[in-house]
Amino acid sequence: MALQPVLVIVLCGKRKSGKDHVAERLKLMLKDVLAVLQLSKPLKEQYAKEHGLDAERLLDSSSYKETYRRDMIRWGEERRDRDPAHFCRLATAEADKPVWLVCDARRPTDMDYFTSHYPTLTVKVCASEDVRKERGWVWTDGVDNAPSECALDDYSCQMLLSNNGDNVMLTQQLEQICDLAFSKLKL
Ligand SMILES: Nc1ncnc2c1ncn2[C@@H]1O[C@H](COP(=O)(O)OP(=O)(O)OP(=O)(O)O)[C@@H](O)[C@H]1O
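Residues numbered from 1 in each chain as written. Predicted model: local features only at pLDDT ≥ 70, side-chain atom pairs only at ≥ 80, totals over all residues. Heavy atoms only, no water.

For clarity, the threshold we go by: UniProt positions are given in the numbering used here, feature names are shortened, and annotations may be inferred rather than shown by experiment.
Looking at an unreviewed UniProt entry, one finds the protein named Phosphomevalonate kinase and attributed to Geodia barretti. UniProt lists a comment for the protein under the heading Subcellular location (unreviewed entry), and it reads "Cytoplasm, Cytosol". UniProt lists a comment for the protein under the heading Pathway (unreviewed entry), and it reads "Isoprenoid biosynthesis; isopentenyl diphosphate biosynthesis via mevalonate pathway; isopentenyl diphosphate from (R)-mevalonate: step 2/3."

Written as structure tokens, this is what we have:
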């Protein structure tokens, strides 16, 4: 049974904007109070179970995952259409820390689930196209123009976190997030 969180930090952002990097930094800063949750984890686990596949291999970045990507996306869309909160509920079911970090929100319905159930800080990680290219981003048809990449383009997050390579600026923004989490823990 999950603890009720004092704060849920929900990250979104374009490919190579630095979501994983930001999540790693927050993990180091919030250490024992933080549970990191991935909405894609229960999706892959359930898909693997229902299709007799290896969930571990679907979770890493192997060619195995690429083989099933298209069908897995279709299957996930169907599930979400029937119940938009399905994977959010599963991802949070075992969370056992007072601050949660959701690092792969992709839909307005993901945001709606957290903002309607918990005290939430929504954060859009932002980097310029040039910086994202330097990090290896290549515009890919069918990926960069697909709903899973674009559905939050017009969503207004509470915080826009600039991650263009200025480490001092990034650290300041991460400290703001941690200050909010620690202030909630003291209440
Ligand atoms: N502030 C930063 N300082 C140094 N390296 C960074 C920074 N932000 C991101 N990177 C690097 O850029 C690359 C892409 O970042 P990251 O994997 O965090 O992006 P992402 O948004 O999670 O991408 P994707 O959506 O494709 O998984 C990684 O190698 C990461 O280490």
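1. Points about the pairing of strand E5 (residues 159-162)
For a regular strand, side chains alternate in direction, first toward one face of the sheet and then toward the other. Test applied: A 1.4 Å probe rolled over the protein chains alone gives each residue an accessible area, and that area as a share of the maximum for its type sets the label: buried under 20%, exposed over 50%, partly exposed in between. Helical segments are the DSSP runs of H or I of at least four residues, strand segments are the runs of E of at least two, and each set is numbered from the N terminus. Strands were regarded as paired on the criterion that DSSP finds at least two bridges between them.
Side chains of E5 alternate between two faces, with Met159 and Leu161 buried and Leu160 and Ser162 left unburied. Across 4 bridges, strand E4 (residues 120-126) lies against E5 in parallel orientation. If you follow Lys124 over to E5, its bridge partner there is Leu160.

2. Quick word on the pattern of salt bridges
Oppositely charged side chains may form a pair once their charged atoms are brought near each other. Condition: Counted as salt bridges are all cases of a side-chain nitrogen of Lys or Arg within 4 Å of a carboxyl oxygen of Asp or Glu.
Evaluated as defined, the whole model comprises 10 salt bridges. The residue Asp144 makes a salt bridge to Arg15 at a minimum N-O spacing of 2.6 Å. Of this pair, Asp144 sits in the loop between helix H7 (129-134) and helix H8 (147-150) while Arg15 is found in the loop between strand E1 (7-13) and helix H1 (19-30), placing the two residues 129 residues apart along the sequence. A residue is classified by how much of its surface remains accessible, and Asp144, at 7% relative accessible area, is buried. Between Glu24 and Lys27 there is a salt bridge whose closest N-O contact spans 3.0 Å. Here the residue Glu24 and the residue Lys27 both occupy positions in helix H1, the gap between them amounting to 3 residues, near one helical turn.

3. Focus: the site of the ligand
Which entries qualify depends on this criterion: One heavy atom within 4 Å of a molecule or strand is enough for the residue carrying it to be called near that molecule or strand. Nitrogen and oxygen atoms within 3.5 Å of one another constitute a polar contact, given that in protein one can donate a hydrogen and the other can accept it, and given that sequence-neighbouring residues count only through two side-chain atoms. Each accessible area is a Shrake-Rupley result for a 1.4 Å probe, and residues are judged covered by the shown protein chains and nothing else. Under the scheme applied here, ten amino acids are nonpolar (Ala, Val, Leu, Ile, Met, Phe, Trp, Tyr, Cys and Pro), four are charged (Asp, Glu, Lys and Arg), and all others, including Gly, are polar.
All residues in the neighbourhood of the ligand are listed as Lys14, Arg15, Lys16, Ser17, Gly18, Lys19, Asp20, His21, Arg135, Asn163 and Leu170. One of the backbone N or O atoms of Asp20 is found 3.0 Å from an oxygen atom in the ligand. Against a free-state accessible area of 630 Å², the protein chains account for coverage of 65% of the ligand. Across the shell around the ligand, the residue classes tally to 1 nonpolar, 4 polar and 6 charged.

4. Quick notes on the packing of aromatic side chains
The following threshold applies: Geometry of aromatic contacts follows a simple scheme: Phe, Tyr and Trp rings, the Trp one being its six-membered ring, pair when their centres are within 6.5 Å, and the pair is stacked under 30 degrees between planes, edge-to-face over 60, tilted otherwise. Over a ring means this: the NZ of a Lys or the CZ of an Arg is within 6 Å of the ring centre and within 35 degrees of the ring normal.
Summed over all chains, the structure comprises 7 aromatic pairs. Ring plane angle 45° and centroid distance 6.1 Å describe the contact between Trp75 and Phe87, whose orientation is recorded as tilted. A residue pair is termed long-range when its members are at least 10 positions apart, and Trp75 in helix H4 (residues 63-82) and Phe87 in helix H5 (residues 86-92) qualify at 12 residues. For the pair formed by Trp75 and Phe87, the shared burial category is buried. Taken together, a centroid distance of 6.4 Å and an interplanar angle of 35° make the contact between Phe114 and Tyr118 tilted. Exposure remark for Tyr118: the relative accessible area of 12% places this residue in the buried category. Arg132 extends its terminal NZ or CZ atom over the ring of Trp137, reaching a point 3.9 Å from the ring centre.

5. Here's the deal with the UniProt feature "binding site: ATP" (unreviewed entry) in the protein
The criterion, for reference: Note on contacts: a residue pair qualifies if any of its non-hydrogen atoms lie within 4.5 Å across the two residues.
Feature annotation in UniProt places "binding site: ATP" (unreviewed entry) on Lys14, Arg15, Lys16, Ser17, Gly18, Lys19, Asp20, Arg135 and Gln173, given in this structure's numbering. With respect to the helices, strands and loops of the structure, Lys19 is situated in helix H1. When residues no more than four places from it in sequence are discounted, the contact partners of Lys19 are Leu11, Cys12, Gly13, Lys14, Cys103 and Val125. A polar atom in the side chain of Lys19 sits 2.9 Å from the backbone oxygen of Lys14. Of note, Arg135 is situated in the loop between H7 and H8. The exposure class assigned to Arg135 is partly exposed, which follows from its relative accessible area of 33%. Once residues within four sequence positions are removed from consideration, Arg135 is found in contact with Lys16, Ser17, Gly18, Ala127, Asn163, Asn164 and Gly165. A polar atom in the side chain of Arg135 sits 3.2 Å from the backbone oxygen of Lys16.

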